[in-house]
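Fold and geometry: a report
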Amino acid sequence: MTSSAATPNGRWHPYFVEPSADVVFRSSDKIYFKLHKILLSLASPFFADMFSLPQPTCALSASHAPSPIHSDPDQIGGLPVVRVTESSSVLERLFRLCYPMSDPSLTTLEEVRHTLEAALKYQMREAISIITNRLSSLVLTVPLRVYAVASRLSLEPIRCVAARTVAERSLCDGYVDELEEIPLPVYHQLLYYCAHSRGLFNILKPFPVPVPSLVTPESRNVTDFSGRWQSVASSPFDPQTVETGVRVHCTVDDVHLGVPTDILRLSSPILAGMLSEIPSSPESSTPTITISARSSAFLAALEACHPAEFPPLTDPLDIVAGLKVAEKYGMGRSVLSLRAALTHIASSSGLPGIDPLELYFAVCSVGMKDLATTAARKTLRRDIVEEFRASVHSRYDVCAGSLWRLLDFHRRSRAAVREVVDNTEWISPDWLLKLKDPERCCSRAREIGRSSLPCWHAQYKKALGEEAWPRIECASSTSTLEKAIKPVRSGYSGDVCGSVCAIPKSMLLLFDFCKYVEETMREREMEVKLKPKPSSIHLLAELQVASVVVLNH
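Summarised in this report is the structure supplied together with it. (Residues numbered from 1 in each chain as written. Predicted model: local features only at pLDDT ≥ 70, side-chain atom pairs only at ≥ 80, totals over all residues. Heavy atoms only, no water.)

**With respect to the overall build of the protein chain**
Secondary structure assignment for the protein chain yields 23 helices and 9 strands. By residue count, 48% of the 553 residues in the protein chain fall in the buried class. Sequence-distant contacts in the protein chain: of pairs separated by 6 or more residues, those separated by 24 or more amount to 66%. (Helix = DSSP H or I, 4+ residues; strand = E, 2+ residues; numbered from the N terminus. Buried < 20%, exposed > 50% of the residue type's maximum accessible area, 1.4 Å probe, protein only. Contact = heavy atoms within 4.5 Å.)

**What to know about the environment of Leu79**
As for its position among the elements, Leu79 is in strand β6 (residues 79-83). For the pair formed by Leu79 and Lys34, sequence separation is 45 residues and the distance between their alpha carbons is 8.9 Å.

**Some words on the sheet that holds strand β8 (residues 255-260)**
The sheet built from 3 strands is open, its strands ordered β8-β7-β9 with mixed pairing. Either end of the sheet is taken by a strand with one partner, and the two such strands are β8 and β9 (288-291). Each strand of the sheet is rotated relative to its neighbour by a mean of 30°, with strand direction disregarded. Across 4 bridges, the pairing between strand β7 (residues 245-250) and β9 is parallel. If you follow Cys250 over to β9, its bridge partner there is Ile291. Contacting β7 and β9, helix α10 (residues 269-276) runs over the sheet at an angle of about 135° to β9. (Pairing = 2+ DSSP bridges. Axes fitted to C-alpha atoms, helices over the stretch in contact; angles between N-to-C directions.)

**Focus: the packing of helix α6 (residues 143-152) against helix α7 (residues 156-168)**
Their axes nearest at 8 Å, the elements α6 and α7 cross at an angle of 155°. In this view, α6 runs roughly antiparallel relative to α7, as classed from their interaxial angle. Crossing handedness for the pair α6 and α7: left-handed. Where α6 approaches α7, its residues Pro143, Leu144, Val146, Tyr147, Ala150 and Ser151 are matched on the opposing element by Ile158, Arg159, Ala162, Ala163, Thr165 and Val166. Class assignment of the residues belonging to the contact of α6 with α7 gives a composition of 9 nonpolar, 2 polar and 1 charged. (Parallel < 35°, antiparallel > 145°, perpendicular 65-115°, else oblique. Left-handed = near helix turned anticlockwise from the far one by under 90°. Nonpolar A, V, L, I, M, F, W, Y, C, P; charged D, E, K, R; others polar.)

**Overview of helix α5 (residues 125-137)**
Over its 13 residues, α5 runs 19 Å from end to end, which matches the ideal 18 Å to within 8%, given 1.5 Å per residue. Buried within α5 we find Ala127, Ile128, Ile131, Thr132 and Leu135. Across the axial projection of α5, the buried residues extend over an arc of 125°, all falling on one side. Structural note: α5 exposes Glu126 and Asn133 on the side pointing more than 90 degrees away from its buried face. (Expected span 1.5 Å × (residues − 1). Arc of directions from axis to C-beta.)

**Comments concerning the pairing of β6**
Of all 5 residues that make up β6, 4 are buried, and the element is covered over most of its length. Bridge count between strand β3 (residues 23-26) and β6: 3 bridges; the pairing is parallel. Counted as the bridge partner of Phe25 is Val82 from β6. What sits between strand β5 (residues 75-76) and β6 in their antiparallel hairpin is a turn of 2 residues, with Gly77 showing a positive phi close to 60°.

**A short note on the packing of aromatic side chains**
How two aromatic rings sit relative to each other is set out by the distance from centre to centre and by the angle between their planes. Counted under the stated rule, the structure contains 19 aromatic pairs. Seen from their ring centres, Trp12 and Tyr32 are 6.0 Å apart, and the 55° between their planes marks the pair as tilted. Of this pair, Trp12 sits in strand β2 (residues 10-17) while Tyr32 sits in strand β4 (residues 31-35), and the two are 20 residues apart along the sequence. Owing to a relative accessible area of 0%, Trp12 belongs among the buried residues under this scheme. On the accessibility criterion, Tyr32 (0% relative accessible area) is buried. (Phe/Tyr/Trp six-rings, centres within 6.5 Å; stacked < 30°, edge-to-face > 60°.)

**Quick notes on the nonpolar core**
Core analysis: the largest hydrophobic core is formed by 152 residues, its most contacted members being Phe25, Phe298 and Phe513. Among the elements that make up this core, the one with the highest residue count is helix α17 (residues 400-422) (10 residues). Residues contacting Phe298, with those up to four places away along its chain left out, are Val248, Cys250, Leu257, Val259, Leu264, Leu271, Ile291, Val325 and Met331. Judged by nonpolar contacts, the second largest core, of 6 residues, contains Val24, Ile76, Leu79 and Val81. (Core = buried A, V, L, I, M, F, W, Y, C linked by side-chain atoms within 4.5 Å.)

**With respect to the pairing of β4**
Buried residues dominate β4, accounting for 5 of its 5 residues. Here 3 bridges tie β2 to β4, and the two strands are oriented parallel to one another. Counted as the bridge partner of Arg11 is Ile31 from β4. Relative to β4, β3 runs antiparallel, the two sharing 4 bridges. Among the inter-strand pairings, Arg26 is bridged to a residue of β4, identified as Tyr32.

**Points about the pattern of salt bridges**
Tallied over the entire structure, the rule returns 22 salt bridges. The closest approach of N and O atoms between Lys121 and Glu86, which form a salt bridge, is 3.1 Å. Of this pair, Lys121 sits in helix α4 (residues 109-121) while Glu86 sits in the loop between β6 and α3 (88-96), and the two are 35 residues apart along the sequence. Residue classification places Lys121 among the partly exposed residues on the basis of a relative accessible area of 39%. On the accessibility criterion, Glu86 (11% relative accessible area) is buried. Between Arg381 and Glu525 there is a salt bridge, and its shortest N-O distance comes to 2.8 Å. Taken together, the residues span a long stretch of sequence, with Arg381 in the loop between α15 (369-377) and α16 (384-387) and Glu525 in helix α22 (residues 504-527) at a distance of 144 residues. Looking at Arg381, the relative accessible area reads 28%, which means it is partly exposed. (Salt bridge = Lys/Arg side-chain N within 4 Å of Asp/Glu carboxyl O.)

**Digging into the packing of helix α11 (residues 295-305) against helix α12 (residues 316-328)**
At a closest axis distance of 7 Å, the pairing of α11 and α12 adopts a crossing angle of 80°. One way to sum up the angle between α11 and α12 is to call them roughly perpendicular. Residue-level inspection shows Ala297, Phe298, Ala300 and Ala301 of α11 in contact with α12, the latter providing Asp318, Ala321, Gly322, Val325 and Ala326. Grouping the constituent residues of the contact of α11 with α12 by class yields 7 nonpolar, 1 polar and 1 charged.

Function cannot be inferred from these measures alone, as they are strictly geometric.
Here it is as structure tokens:
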């Protein structure tokens, strides 16, 4: 797009410079549009109401050319200036849908999404209808992205159609950037729908699983604060009992706390600065500062840096709430202490009764990536999609991308273990020599070459692979060993023999091999790490798959 009449502070858009215009719009990138109130009012009740308000009197410019744009003006050439947050490219597409000119192409999802967001914001009914139809047409090519966008914009019919397409094409495991912008429960809805509705698609009904109610740290009451204080009056921070202190007003739940002045100054330079800005007052009055936080969360942050001993926090929700307040107000010691509390819970010696799945979402909500891998590892071999229904893990403020990364971690960990069970390429040369030892294995283990293994190996692999995601301890369990040696002991039959492979030396080799398999499975699984935010390569893969499906149709 080009612009004309460039000035040091902005440009006129070349398509919208009609001299008959009676209002000017300024985009976020300082491009100016000359528009007509009547057309905008007909297209949008929002603008109709805005223009119906009393307007300042101004003299209209007699010039037909675009007026010079001065430094951030309220008027240009006598016309009022309306500053909006949308970019010029979005405004161009939006206004072209209102004016008698060709409609914008809207070829990409980004163009559709940003233009639709603006149309919804300004209640432009015809534009909403046109762009929504365009969004629906993109379901064929990028259904997962459309599902995320439709969910974010509360477009239920399109969301249902996109969910059906994702399920039909088995695309729910793919990644798109929009997963970072929608709530976790919305994505879980899609996963559950895909897992339970194959062959039973009905786009007229809502998804069969309700979105869990969100219980965030901001909605917790101070009386629920770990059972520590039943009320502010029973805590050490009662403003009525704290002498030479500061009254802290927590606006989220409208609770006043009393904090000793020295404790407040030492805990946070930000709070100390707020205190220093309070004008001097009579000695009888208590200085008051106001913070945007819940009192229970501020108490958690305050206790973490207080010199007195308090019982340790054990609820991840309380720790996360306190940590966010501590980070917001620069309470460095509290941040370190609360992060250490989360690390302790995630360690092998952590507290009993803490659900690793909840802990994973807790650390994700505060950006502790390394600890997220530790917590995620403790959730392996659990059916996250099914268990999520009966949980309250959605109470943490995390995006759908966190759930995708957890499920991706599960898929890669499972694949690493299955590779050991299903293949033999991982066996080291030293172990291959042991498995071909003529004193411990039958001759058939040496006839075919490197790929041939003792007779009991096939039975052992079959027994170990009975589970879709074999547990590591099963590699050397009694039941697995019994299934492996039973055909060998019974004599030659099909793929097994009853000679050398059944002697004690061979059985001891089997036991050692089981330990080797167990160690290898554990190492391979431990090598898998939780991925950071994926790149657009995942999006490209989905586009390619979707394009193939469309072409086949």
